[in-house]
Protein chains: 2
Amino acid sequence: MDPLDIVGNLHKIKPVFQPILSAINHGVIGHEVLARYKQDDTWLSLGSFFHDPDVPEEFKVEVDQQVLQLAIEEMLANNSDGMLFINRNAKQLMVNNGEDLMQLLLQYEEKGFHLNRIVIEVTEHDFDEDFESLSHLLLYYKTFGIQIAVDHVGAKSSNIDRIRQLEPHILKIDTSIIRTQNGDVFQDIMYSLSMLAHRIGAALLFENIEDDFQLYFAWKHGSRYYQGFYLAHPSFQPVDHTSLSMKISEKISGYIQREKNLLEQRHNFVKKWEQKVRSVLSKWEGPKKADIFIQSITEQFHEESFRMFVCHIDGQQVSSNFRKKTDTWELEPHKRGSNWAFRPYFLENVMQMKALNTGLLSGLYSDIETKEMVRTFSFPLTDQHFLFIDLRYAYLYDHECLLA
Amino acid sequence: MDPLDIVGNLHKIKPVFQPILSAINHGVIGHEVLARYKQDDTWLSLGSFFHDPDVPEEFKVEVDQQVLQLAIEEMLANNSDGMLFINRNAKQLMVNNGEDLMQLLLQYEEKGFHLNRIVIEVTEHDFDEDFESLSHLLLYYKTFGIQIAVDHVGAKSSNIDRIRQLEPHILKIDTSIIRTQNGDVFQDIMYSLSMLAHRIGAALLFENIEDDFQLYFAWKHGSRYYQGFYLAHPSFQPVDHTSLSMKISEKISGYIQREKNLLEQRHNFVKKWEQKVRSVLSKWEGPKKADIFIQSITEQFHEESFRMFVCHIDGQQVSSNFRKKTDTWELEPHKRGSNWAFRPYFLENVMQMKALNTGLLSGLYSDIETKEMVRTFSFPLTDQHFLFIDLRYAYLYDHECLLA
C-alpha cells in the first residue's frame, strides 16, 4: 500500500478493538486499539505502514489521531467502559512535543472520556538516542492520569534501570518469545522481570497468547492481564466478557488447582526430608564433630543430593563440604570456615528455621560452581547449627513439583 | 599525554594490582590489573588513554598486552596465587578476533599460569552494534576456562536478556552510583540485579567501595567480592590479606550481628501481630461474615495498616477491602470476588501458613494502586481463610527493621 493513499483516504480507516482480560476479575478490563484499512472489500492491517521507517512520522501521527478519535467515539456511543490501550512509537510521540495527542485526549475528556482510561504503549528501545526526552514526556502525560505501558519487554526492552526510571504502570511481555527462546533462558528472564515488576509496582500483561500453555505460563509468572487470539480476536466493537467464547475463569481455576497440587507434593517432599534428618538427629554431637554427623546421613540423601554441609547461625561453615562422586562422598575440608551470611536470604532463613524449628526448601537458583539449577533443603540441627542439603538438578528434573 | 609517546615507550609502563576481597573467606581472591606510565618521576594512570575513542584500538591492544605480560610475570615471580582481572573493551577484543590475547595467555599457561585464573571484564553496552560477535568470542574464551565479568552493571549494562545470554561468572557493580542515584531507584535496581545474579549463578562484585556504608550496602545486597580504596589501593605488587590494614572480617562480623538484630526485631513485630489476631480469632464466623470480622480488628491495626481483606486459599477475596481514611475505615465491597492467586508467592504463602499455622510477613514491594512501598502481614484464620493486612509505608519507615 502506498502511504500517500492511506493518508489521502482517512475515511477508509477504522479502528479494531482487541480485548484485554484480567486475572483478578476474569473480565475484559479494556482494549488495545489497532488500525484497519479498507482495500477493495477487505480490511487490511496497517502494521506495515506503522513499522516502515521510511513513512514520515507526521503521516503516522495523522492516521493514529484519526483511529484514536474514531475509537473513542465508538466507545462513547456504546457506553463501553474500560481502558483504551494505544500504541505510539517514540519518534512519533515527540512530533510537536506530543501535544497533538494530548490536545485530542483533552477534547474527549470534556465529552466524558476520562484520561485515566488511556494507556500509552511505548518501546523504550526505540529511543536510544534521546531517552531523557521520552522519559520527561511520559512523566508529563502521567500527571494527567494517563497510564504508561512499556511494550516488548523481555525481547528488546529489558533494561532494568530504564524501566525503573520510567516507572510504567504496565510491562507488556510478548508471549511469542516463549516459542523462539530457549526455555531456561526465558524462564530466567521472566523470573527477573516478574521480581522487578513486583518491586516497582508494575502490572504484567502478556500479549500474543495463542494457546493454553501460554496462558498458563503467563498466569504462573504473575501476569495480571492477558491478550491474544487464544482469548479474543480484534473486532470492530469493544466487547465485554459475556461475548467471549473463551472461559477464562474455568482455565484459571484449573491452573490454581494444578498449582496447589504441585505445592502439596512439594510440601510432602519437605516433610519426608525433615523426617529423615530427625531420625538421625541424636547423632549430632556439636560443630567439632559435624563431619561425623554428615557421614551418618549421606546415605539417606544419596539419591537427592550432590553436596552437604553444616553452618553456624552466623554464616560460618563448621563442617567440610561433602560432595558426591558417583558412589562415594568426598570431603572438602578447606571449605570449613567459609562464611555464607552474605548470600541472599541466608540469615533470614536460618532465623526462620530457628523460630519455627522446621526445615525449609529454597527456590530454584543457579549454583555458582556447577552453573546447574539447584534447590537447597535446610534443617535446624539445633538453634545454632543448620544442615544444608543441595539437591541435584537431575533429581529436581524428575519431579515436576520441585522444578515448578 | 600523546598516545604515540606511550606506545613508543612501552618500557615506561608498569602494571599495578588492586586487591579483590571475598565475603566467603575474607581473603584476597585476586587482583585487577591496571596500567601506570612513568612521566618524569610520577606514575600516571593510563585511564584517559584507554577511554579516548580517538586512540586506535591497535595501540590499546599493544599497551594492554605489555601490561598483562608484566603482570603475569610479576605474579609468577612472586608465587602469588589468585585471580587476575583484566579490562578489555569490546572493540579491542575484536581486533584480530581476540587471538592476540588468547595466544599470550596460552603462552603463559605453559609456564604455569592457568587460564582459569583469568577474568576478562567487558562492558556489554559498548557493543550495541555487534553484540552477537562479542557473545561468541566470550563463549570461545570460556571454553578455555577463562572467566567473564560484565562491568558497569547497574549503570549502563543492566539489560536482563543480554546478561542472561552472556552467562557471565561475575557481575561488577559500580558502587559510586549509590552516590549519584536516588536511593530508592538504586535499591530497586540492586534488588532486581541480585535476584537475576542468584538465578543465573553469577557472583556479584561491588567495585569502587570508598567507605564503610558502601561496604555494608554491598554485603547486604549479596556481594561475594569487594574492591575499592576503602579496602586497598592498587600497588606495584600483588598482596595477600595479611598486608591489608583494613580488617574486613571484623567489618563483616559487625554487619552480621546488625542484620541478625534487625531480623530479631522484625520477628518480634510478627509475633506481636499474630498475638493481636489470635486474640480476636473467636470472632471469625465464616466467609459470609468476613466484613464483620475485619470490623472487629481494624482498631488493633489502626497505626500499622492502610488496607485489610480476607481471602480463600484458592485466591478469592471473600471480604470487602477495608481502606483507612484518616480516622475511619471505608469498605470497598466491589473488591469481593477478586482473585489474587496469580500474584507471585500467593499460593505458596497460603499453603505455608496452612501447614505451619503461623503468620507471615512479605518482603518489601510496591503496591500497584498506591505505588508506595508496602509489606503485607498475613495470618491463617482457618486452614481455608487468610487475613491480609497491608502495612503503611510511613509505619515501615519509622521502624528500620521493617524497611531493611
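Rules behind the numbers
Residues numbered from 1 in each chain as written. Chains lettered and ligands numbered in written order. Predicted model: local features only at pLDDT ≥ 70, side-chain atom pairs only at ≥ 80, totals over all residues. Heavy atoms only, no water. Helix = DSSP H or I, 4+ residues; strand = E, 2+ residues; numbered from the N terminus. Rg over C-alpha atoms; globule rule 2.2 N^0.38 Å. Buried < 20%, exposed > 50% of the residue type's maximum accessible area, 1.4 Å probe, protein only. Contact = heavy atoms within 4.5 Å. Areas by Shrake-Rupley, 256 points an atom, 1.4 Å probe, with all protein chains shown as cover. Lys, Arg positive; Asp, Glu negative; His and termini not counted. Charge placed at Lys NZ, Arg CZ, Asp CG, Glu CD. Least-squares fit on C-alpha atoms with pLDDT ≥ 70 in both. Axes fitted to C-alpha atoms, helices over the stretch in contact; angles between N-to-C directions. Left-handed = near helix turned anticlockwise from the far one by under 90°. Nonpolar A, V, L, I, M, F, W, Y, C, P; charged D, E, K, R; others polar. Salt bridge = Lys/Arg side-chain N within 4 Å of Asp/Glu carboxyl O. Buried area = accessible area lost by both parts, 1.4 Å probe. Polar contact = N/O pair within 3.5 Å; in protein donor to acceptor, adjacent residues only side chain to side chain. 1 Å grid on protein atoms, 1.4 Å probe; cavity = no way out; pocket = protein on both sides within 12 Å on 5 of 7 lines; lining within 4 Å. Points joined across faces, edges and corners; volume = space filled by probe spheres on them. Domains from an automatic or database assignment. Parallel < 35°, antiparallel > 145°, perpendicular 65-115°, else oblique. Phe/Tyr/Trp six-rings, centres within 6.5 Å; stacked < 30°, edge-to-face > 60°. Lys NZ or Arg CZ within 6 Å of the ring centre and 35° of its normal. Pairing = 2+ DSSP bridges.

1. What about the overall build of chain A?
Alright, step 1. The number of helices and strands found in chain A is 15 helices and 16 strands.
Alright, step 2. Against the globule reference of 22 Å for 404 residues, chain A gives a C-alpha radius of gyration of 27 Å, more extended than a compact globule.
Alright, step 3. Sorting the 404 residues of chain A into buried and exposed places 56% on the buried side.
Alright, step 4. Summarising the internal contacts of chain A: among those between residues at least 6 apart in sequence, 62% fall at separations of at least 24.
Alright, step 5. Counting every atom, chain A has about 17000 Å² of accessible surface; 48% of that belongs to carbon and sulfur.
Alright, step 6. Of the side-chain charges in chain A, 41 are positive and 57 negative, and the distance between the mean point of each set is 10 Å.

2. Observations regarding the relation of the copies chain A and chain B
Alright, step 1. It takes a turn of 180° to lay chain A on chain B, together with a shift of 0.0 Å along the axis; the resulting RMSD is 0.0 Å. Taken together, the rotation and translation describe the operation of a two-fold axis. Taking C-alpha positions as the reference, the residue of chain A nearest the rotation axis is N159 of chain A, at 2.1 Å.
Alright, step 2. A high fraction, 100%, of the interface residues of chain A reappear at the interface in chain B, so the copies pair face to face through one surface.

3. A look at the packing of helix α10 (residues 212-220) of chain B against helix α11 (residues 248-280) of chain B
Residues and elements named next belong to chain B.
Alright, step 1. Contact geometry of α10 with α11 gives a least axis separation of 11 Å together with a crossing angle of 65°. For α10 against α11, the interelement crossing comes out right-handed. Across the interface between the two elements, D212, L215, Y216, W219 and K220 of α10 pack against I248, K251, I252, Y255, I256, R258, E259 and L262 of α11.
Alright, step 2. Taken together, the residues of the contact of α10 with α11 break down into eight nonpolar, no polar and five charged.

4. Considering the environment of L381 of chain B
All names here are of chain B.
Alright, step 1. Summarising the element assignment, L381 is placed in the loop between β15 (373-380) and β16 (385-391).
Alright, step 2. Considered as a pair, L381 and V280 are 101 residues apart in the sequence and their alpha carbons are 10.0 Å apart.
Alright, step 3. Dropping the residues within four chain positions of it, L381 is found in contact with V277, L281, W284, F293, V310, F386 and L387.

5. A few points about the pattern of salt bridges
Alright, step 1. Tallying each qualifying case throughout the model produces 48 salt bridges over all chains.
Alright, step 2. The salt bridge partner of R164 of chain B is D188 of chain A, with a shortest N-O separation of 2.5 Å. On the criterion of chain membership, the pair formed by R164 of chain B in helix α7 (residues 160-166) and D188 of chain A in helix α9 (residues 183-200) is interchain, its members lying in two chains.
Alright, step 3. For R164 of chain B, a relative accessible area of 8% translates into the label buried.
Alright, step 4. One connected set of salt bridges, linked through shared partners, spans R307, R323, E332, K335, D367, E369 and D390 of chain A.

6. As for the interface of chain A and chain B
The parts lose accessible area when they come together, and the size of an interface is often stated as this lost area.
Alright, step 1. Every contact between the two is made by 67 residues of chain A and, on the other side, 68 residues of chain B.
Alright, step 2. Where chain A abuts chain B, roughly 6300 Å² becomes buried across the two surfaces, and 61% of that area is made up of carbon and sulfur atoms.
Alright, step 3. For the pair chain A and chain B, the interface holds eight salt bridges.
Alright, step 4. There are 18 residue pairs in polar contact (both at pLDDT 80 or more) connecting chain A and chain B.
Alright, step 5. Breaking the side of chain A that touches chain B down by element, the ones donating at least two residues are α7 (160-166), α9, β9 (223-226), α11 (248-280), α13 (346-356) and β14 (365-366) of chain A.
Alright, step 6. The leading source of residues in the side of chain A that touches chain B is α9 of chain A, at 13 residues.
Alright, step 7. Of the residues that constitute the side of chain A that touches chain B, the class distribution is 32 nonpolar, 19 polar and 16 charged.

7. Digging into empty space enclosed by the protein
Alright, step 1. Counting across every chain of the model gives three cavities of 30 Å³ or more.
Alright, step 2. Computed from the structure, the largest cavity encloses a volume of approximately 310 Å³.
Alright, step 3. Forming the boundary of the largest cavity are 22 residues, of which W340, R343, Y365 and I368 of chain A together with R224 of chain B lie nearest the centre.
Alright, step 4. Counting only elements with at least two residues in the lining of the largest cavity, the list comes to β10 (305-312) and β14 of chain A together with α9 (183-200) and β8 (203-207) of chain B.
Alright, step 5. A total of three residues in the lining of the largest cavity trace back to one element, the largest contributor, which is α9 of chain B.

8. What to know about the domain arrangement of chain A
Alright, step 1. Taken domain by domain, chain A comprises domain 1 (3-233) and domain 2 (261-403).
Alright, step 2. Here the C-alpha centre of domain 2 of chain A lies 46 Å away from the C-alpha centre of domain 1 of chain A.

9. Focus: the side chain of D367 of chain A
Residues and elements named next belong to chain A.
Alright, step 1. Considering the arrangement of structural elements, one finds D367 in the loop between β14 and β15 (373-380).
Alright, step 2. The class for D367 is buried, based on a relative accessible area of 6%.
Alright, step 3. Within the structure, D367 has its side chain in polar contact with the backbone nitrogen of E369 (distance 3.2 Å).
Alright, step 4. With residues up to four places along the chain from it excluded, the contact list for D367 reads R307, E372 and V374.

10. Observations concerning the packing of helix α3 (residues 57-77) of chain B against helix α5 (residues 99-110) of chain B
Residue and element names in this part refer to chain B.
Alright, step 1. Following both chains from N to C, one finds α3 and α5 inclined at 15°, their axes separated by 11 Å at the closest point. Overall, the two elements α3 and α5 adopt an arrangement that is roughly parallel. Crossing handedness for the pair α3 and α5: right-handed. Between α3 and α5, the residues in contact are V61, Q65, L68, Q69, I72, E73 and L76 and D100, L101, L104, L105 and Y108, respectively.
Alright, step 2. Classifying every residue of the contact of α3 with α5 gives eight nonpolar, two polar and two charged.

11. So, the packing of aromatic side chains
Alright, step 1. Taken as a whole, this structure holds 35 aromatic pairs over all chains when the rule is applied.
Alright, step 2. Relative to F50 of chain B, the ring of F49 of chain B lies with its centre 5.1 Å away and its plane at 80°, an arrangement referred to as edge-to-face.
Alright, step 3. An aromatic cluster is defined as three or more aromatic residues linked by ring pairs; in this entry it consists of F269, W273, F377, F379 and Y395 of chain B.
Alright, step 4. A cation sits over an aromatic face here: K14 of chain A above F236 of chain A, 4.5 Å from the ring centre.
Alright, step 5. Just above the ring of F131 of chain B sits the side chain of R162 of chain B; from NZ or CZ to the centre is 4.3 Å.

12. Concerning the pairing of β9 of chain A
Strand residues, when the strand is regular, have side chains that alternate between the two faces of the sheet.
Residues and elements named next belong to chain A.
Alright, step 1. Here two bridges tie strand β1 (residues 13-22) to β9, and the two strands are oriented antiparallel to one another. In the sheet register, S22 faces β9, and the bridge partner there is Y225.
Alright, step 2. The sheet contact formed by strand β8 (residues 203-207) and β9 spans three bridges and is parallel. Among the inter-strand pairings, F206 is bridged to a residue of β9, identified as Y226.

13. Remarks on the side chain of Q227 of chain A
Residues and elements named next belong to chain A.
Alright, step 1. In this structure, Q227 sits in the loop between β9 and α11.
Alright, step 2. Judged by relative accessible area, Q227 falls into the buried class, the value being 2%.
Alright, step 3. When near neighbours in sequence (up to four residues on either side) are disregarded, Q227 contacts Q18, P19, I20, E32, K172, L205, F206, E207, N208 and I209.

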